[in-house]
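Next come the chains, spelled out residue by residue.
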Amino acid sequence: MMQKTTIAAALIGLAVSVTGGSALAQVKVGAVLSASGPASFLGDPERKTLDMYVEDINSKGGINGQKLQLIVYDDGGDANAARTFATRLVEEDKIVAMVGGTTTGTTLAMIPVFEDAQIPFISLAGAVQIIEPVRKWVFKTPHTDRMACEKIFDDLKRRKLTTVALISGTDAFGKSMRDQCVAVAPKAGITIAHEETYGPADSDMTPQLTKIKATPGIQAVVCAGFGQGPAIVTRNYRQLGVEYPLYQSHGVASKQFISLAASAANGVRLPAAALLVASKLPDSERQKSVVVGYQNTFETKTGQPVSTFGGHAYDGLMILVEAAKRAGSFESGKLRDEIEKTKAYVGTGGVVTMSPSDHLGLDLSAFRLLEIKDGDWMMIPESAS
Amino acid sequence: MAEFLQFAFSGLTVGAIYALVAVGFTLIYNASEVINFAQGEFVMLGGMVTIFLGYAGIPVPLAAVIAVLVATAVGLALYRLGIAPAREASAVTLIIITIGASIFLRGVAEIIFDKRFHSLPALFGSDPIRIGGASILPQTMVVLASALLIVCLLWAFIDRTLYGKAVIATSANRMAATLVGINTRTIVGACFAFSAAIGAIAGVLVTPITLTSYNVGTLLALKGFAAVMLGGIGSAIGAVVGGVLLGLFEAFAAGYFSASYKDAVAFVVILAVLFVMPQGLFGKRMVERV
């Protein structure tokens, strides 16, 4: 009996070592994404993007002679679940780097885990406090909420609308963007005359919008949030017949927002990455080939329209891959150093140049101002309004 | 004034939804003294099945009918497989069985459908009607009218038909009803089926307003339960009134107090009712003779 078990174990061990010939040289990259729940229209394209590009990289031979093994966990938008998965990635799966953290809430919960384990973490979330103050092991690819506020306020000033109302989600990104808008408003010459909030899972925002409509002197409304909340705000906005221009953040930069908000989305303006208007960019744009290439690949492989969230995941993965190529190894410390040295990387979100004091690497020009018209994104020229 | 009116309209919109869920609760409670916490999942199924059949190419009206039939079948299955085998179990056990069923249905929905939010086109378009400076969606009127219609039909059924009398008999005294030849199992099963159908109809009508996703059932069931407690358990009119009142409380609390605590209103209502007026607005005072 013992002999049989030993022989069986030996055979299995032999089989594993033979077939695992390539598995032995696999490098583990972790991703904790919110593919389900209120942030699903952010996390789902991120997941699909990471899956398809890791497969693509591996089919071309991998990086530095090694294949990547992507380990994805779905936190459902819950920060506690995210933290548990992060710990699992570090302790059990032993990843060398992490690209993930769909939302600000989940990212902030996971940061301590990766800082303690000294593993580079490229976040896909929006709030500026992810990279400010700069943390040694934390980077991010999406534009910050502060940049969104600045872009929106710039356009408001151009249209001579200086008194606004702000409606924000009570989730981490909504709160953070609200704080950023309040902070940059005086410098931008904008007065925030009224504020409202909504819960991220709420299905009716008419009470808040009614109060905004009743406030005298409002000239425009800015909505800070992501996922389904802003879609309902937009629907309720038109339902109540509010006439002022409505601005959203880049948290809605996906066709799913347009399909949820339906015809109410027409006329809504938002700052977003050039990826959304890839085909409309002039050929002279540096980003054009990257964004068109990503859009074609994503849309062909998934049959779904492209979104900036998938684009941020693409940028995160590619920055990691380029860093690994430069470092010539997958040791976490060396990866981190090379990520920090990313220079003029042309991505879907913009042209990225990082530094020890800037772990985002984008400036305001990476953001484009778009308006939704007839179910599609239109570019707004930034000289006129 | 326009503000007050607008809050009232928002309250009516959500209130109509709670009313329909509450009517479903009442029907099952009346027949079997079971509080069916899976009621919210019937609403979810109504909406989600319609939407996914629509994606598969079936025209929306037909998809809606199929969705209601599917929910009815699920309701019957819940009774046959979950409640009937438990026979003489205590009320608490039966309630826990329904909670388990609700979790199961939610899990199945998560796998069969997806985890995103979906919508349906409104029946009469999405242009709001303006009254006195406030606006109300035509779909809200549809939901309110349907709630009233369903309650009237239920009342007519219960009061005017023989089967309705059988339902009253079954709820009054199970043993006596069996003794006079009423097949109580069929009656209770039919009530589960009707209740599921009502929930599904609510789901189809309400999705154009509130959107739907695989997990809307839980909170809906809890708020529907709050509405039932407020209106008085066992009373159909109480269910509708309780639902609409709860919706109005929520909207006014969100409007005049703070929108962040909107969801808490339902639970505060349950506590208040239990402390002050446990039988609700239209319920009968329970008297136990020793």
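Note that the structure is predicted; figures quoted are calculated from it, not measured. (Residues numbered from 1 in each chain as written. Chains lettered and ligands numbered in written order. Predicted model: local features only at pLDDT ≥ 70, side-chain atom pairs only at ≥ 80, totals over all residues.)

Colleague: How would you sum up the overall build of chain B? Please name residues and give values.
Modeller: Assigned secondary structure in chain B consists of eleven helices and two strands. Counting from the amino terminus, helix and strand elements in chain B follow one another as α-α-α-α-β-β-α-α-α-α-α-α-α. Considered along the principal axes of its C-alpha atoms, chain B spans approximately 60 × 50 × 35 Å. Burial statistics for chain B: of 290 residues in total, 51% are counted as buried. (Helix = DSSP H or I, 4+ residues; strand = E, 2+ residues; numbered from the N terminus. Buried ≥ 20, exposed ≤ 12 C-beta atoms within 10 Å, placed from the backbone.)

Colleague: An account of the overall build of chain A is requested, with residue identities and associated values reported.
Modeller: Secondary structure assignment for chain A yields 13 helices and 14 strands. Relative to the globule expectation of 21 Å for 385 residues, the C-alpha radius of gyration of chain A, 22 Å, shows essentially globular dimensions. Within chain A, the proportion of its 385 residues that are buried is 54%. Put simply, of all contacts in chain A between residues at least 6 apart along the chain, 68% involve residues at least 24 apart. (Rg over C-alpha atoms; globule rule 2.2 N^0.38 Å. Contact = placed C-beta atoms within 7 Å.)

Colleague: Describe the interface of chain A and chain B, with residues and values.
Modeller: Counting residues at the interface gives 24 residues for chain A, matched by 21 residues for chain B. Taken together, the elements giving at least two residues each to the side of chain A that touches chain B come down to helix H3 (40-59), strand E7 (191-198), helix H8 (206-214) and helix H9 (228-239) of chain A. With six residues, the single largest contributor to the side of chain A that touches chain B is H8 of chain A.

Colleague: If you had to explain the confidence of the model for chain A to someone new, which residues and values would you point to?
Modeller: For chain A, the average pLDDT comes to 88, and 93% of its residues sit at 70 or higher. Residue range residues 17-24 of chain A is modelled with pLDDT below 50. Its contacts to residues more than four positions away, or to other chains, number one contact. (pLDDT = per-residue confidence, 0-100.)

Colleague: Would you mind going over the domain arrangement of chain A in detail, with residue names and values included?
Modeller: How large an interface is tends to be reported as the accessible area lost when its parts come together. All names here are of chain A. The domain boundaries assigned to chain A delineate domain 1 (23-144 + 290-364) and domain 2 (146-279 + 367-379). Each side of the interface is counted separately: domain 1 has 29 residues, and domain 2 has 29 residues. Mapped by element, the contributors of at least two residues to the side of domain 1 that touches domain 2 are H3, helix H5 (104-117), helix H11 (288-302) and helix H12 (308-327). Looking at which element gives the most residues to the side of domain 1 that touches domain 2, the answer is H11, with four residues. Of the residues assigned to the side of domain 1 that touches domain 2, the class counts are 15 nonpolar, 14 polar and no charged. (Domains from an automatic or database assignment. Nonpolar A, V, L, I, M, F, W, Y, C, P; charged D, E, K, R; others polar.)

Colleague: Lay out the sheet that holds strand E1 (residues 26-33) of chain A in plain terms, naming residues and giving numbers.
Modeller: Each strand in a sheet pairs with its neighbour through backbone hydrogen bonds, running either in the same direction (parallel) or in the opposite one (antiparallel). All names here are of chain A. Pairing within the open sheet is parallel, and its five strands lie in the order E2-E1-E3-E4-E5. Lying at the two open borders of the sheet, with one neighbouring strand each, are strand E2 (67-74) and strand E5 (138-140). The mean inter-strand angle of the sheet, taken between neighbouring strand axes irrespective of direction, is 25°. Of the strand pairs in this sheet, strand E4 (residues 121-123) and E5 are connected by three bridges, and their pairing is parallel. (Pairing = 2+ DSSP bridges. Axes fitted to C-alpha atoms, helices over the stretch in contact; angles between N-to-C directions.)

Colleague: Tell me about helix H1 (residues 2-32) of chain B, residues and numbers included.
Modeller: Between its first and last C-alpha atoms H1 of chain B spans 45 Å; for 31 residues at 1.5 Å apiece the expected length is 45 Å, and the two agree. The buried count for H1 of chain B comes to 25 of 31 residues, which makes it a mostly enclosed element. (Expected span 1.5 Å × (residues − 1).)

Colleague: A description of unusual backbone geometry should follow, citing residues and the corresponding values.
Modeller: All names here are of chain A. Along the chain, Glu-132 connects to Pro-133 via a cis peptide bond; the corresponding omega equals 10°. Turning to its location among the elements, Pro-133 is positioned in the loop between E4 and E5. Even without a glycine there, the phi angle at Ala-344 is positive, about 50°.

Colleague: Pulling in residues and values, what's your account of the nonpolar core?
Modeller: Within the largest apolar cluster, 207 residues are counted, with the highest numbers of intra-cluster contacts made by Leu-320 of chain A together with Ala-19, Val-21, Val-23, Cys-191 and Ala-200 of chain B. Sequence-distant contacts of Cys-191 of chain B, that is, excluding residues within four places in its chain, are made with Leu-27, Ile-28, Ala-31, Ser-32 and Val-167 of chain B. (Core = buried A, V, L, I, M, F, W, Y, C linked by C-beta atoms within 7 Å.)

Colleague: Quick rundown of the packing of H12 of chain A against helix H13 (residues 332-340) of chain A? Include the residues and the values.
Modeller: How two helices pack is summed up by the angle between their axes together with the distance between the axes. All names here are of chain A. Contact pair H12 / H13: the axes reach a minimum separation of 8 Å and the direction vectors enclose 110°. Looking at the two axes, H12 sits roughly perpendicular to H13. Along this stretch, H12 crosses H13, giving a crossing that reads as right-handed. Contacts between H12 and H13 involve Ile-319, Leu-320, Ala-323, Ala-324, Arg-326 and Ala-327 from the former and Lys-334, Leu-335, Glu-338 and Ile-339 from the latter. When grouped by side-chain class, the residues that make up the contact of H12 with H13 number seven nonpolar, no polar and three charged. (Parallel < 35°, antiparallel > 145°, perpendicular 65-115°, else oblique. Left-handed = near helix turned anticlockwise from the far one by under 90°.)

Colleague: Outline the pairing of E2 of chain A, supporting the account with residue identities and numerical values.
Modeller: All names here are of chain A. The alternating pattern of E2 places Leu-68, Leu-70, Val-72 and Asp-74 on a buried face, while none of Lys-67, Gln-69, Ile-71 and Tyr-73, on the opposite face, is buried. Looking at chain direction, E1 and E2 are connected through eight bridges and run parallel. Bridge assignment links Val-27 to a residue of E2, and that residue is Leu-68. At this point the chain moves from E1, through H3, to the parallel E2, and the crossover so formed is right-handed. (Right-handed = clockwise from strand over helix to strand, strands pointing away.)

Colleague: Give a description of helix H4 (residues 91-112) of chain B that names residues and reports values.
Modeller: Compared with an ideal rise of 1.5 Å per residue, which puts 22 residues at 32 Å, H4 of chain B spans 31 Å between its outermost C-alpha atoms and is within 8% of the ideal. The inward-facing, buried residues of H4 of chain B contact helix H2 (39-55), helix H3 (60-83) and helix H9 (216-231) of chain B.

Colleague: Outline the environment of Ser-195 of chain B, listing residues and values.
Modeller: All names here are of chain B. With respect to the secondary-structure elements, Ser-195 resides in helix H8 (residues 184-210). Of the residues examined, Ser-195 has 29 C-beta atoms within 10 Å and is grouped as buried. Sequence separation between Ser-195 and Leu-149 is 46 residues; the distance between their C-alpha atoms is 15 Å. Apart from the residues within four sequence positions on either side, Ser-195 is in contact with Gly-24, Leu-27, Ile-28, Asn-36, Gln-39 and Gly-75.

Colleague: Give a description of the pairing of strand E8 (residues 220-224) of chain A that names residues and reports values.
Modeller: All names here are of chain A. Counting buried positions along E8 gives four out of five residues, so the element sits mostly inside the fold. Where strand E6 (residues 163-169) lies against E8, five bridges are found, and the strand directions are parallel. Directly across from Val-164, in E8, lies its bridge partner Ala-220. Of the pairings in the sheet, the one linking E8 to strand E9 (residues 246-247) comprises two bridges and is parallel in character. From the neighbouring strand, Val-222 faces E9, where its bridge partner is Tyr-247. Considered for its hand, the β-α-β crossover made up of E8, H9 and E9 is right-handed.

Colleague: Describe the environment of Leu-123 of chain B, and please don't skip the residues or the numbers.
Modeller: All names here are of chain B. Assignment of secondary structure puts Leu-123 in the loop between H4 and strand E1 (129-131). Given 16 C-beta atoms within 10 Å, Leu-123 falls into the partly exposed group. Through-space distance from the C-alpha of Leu-123 to that of Gln-139 is 6.5 Å; in sequence the pair is 16 residues apart. If near-sequence neighbours (up to four positions away) are discounted, Leu-123 is found in contact with Gln-139 and Val-142.

Colleague: Can you break down the confidence of the model for chain B residue by residue, with the values?
Modeller: Model confidence for chain B is summarised by a mean pLDDT of 87, while 98% of its residues fall at 70 or above. Under the prediction, the complex receives an ipTM of 0.75, its pTM being 0.79.

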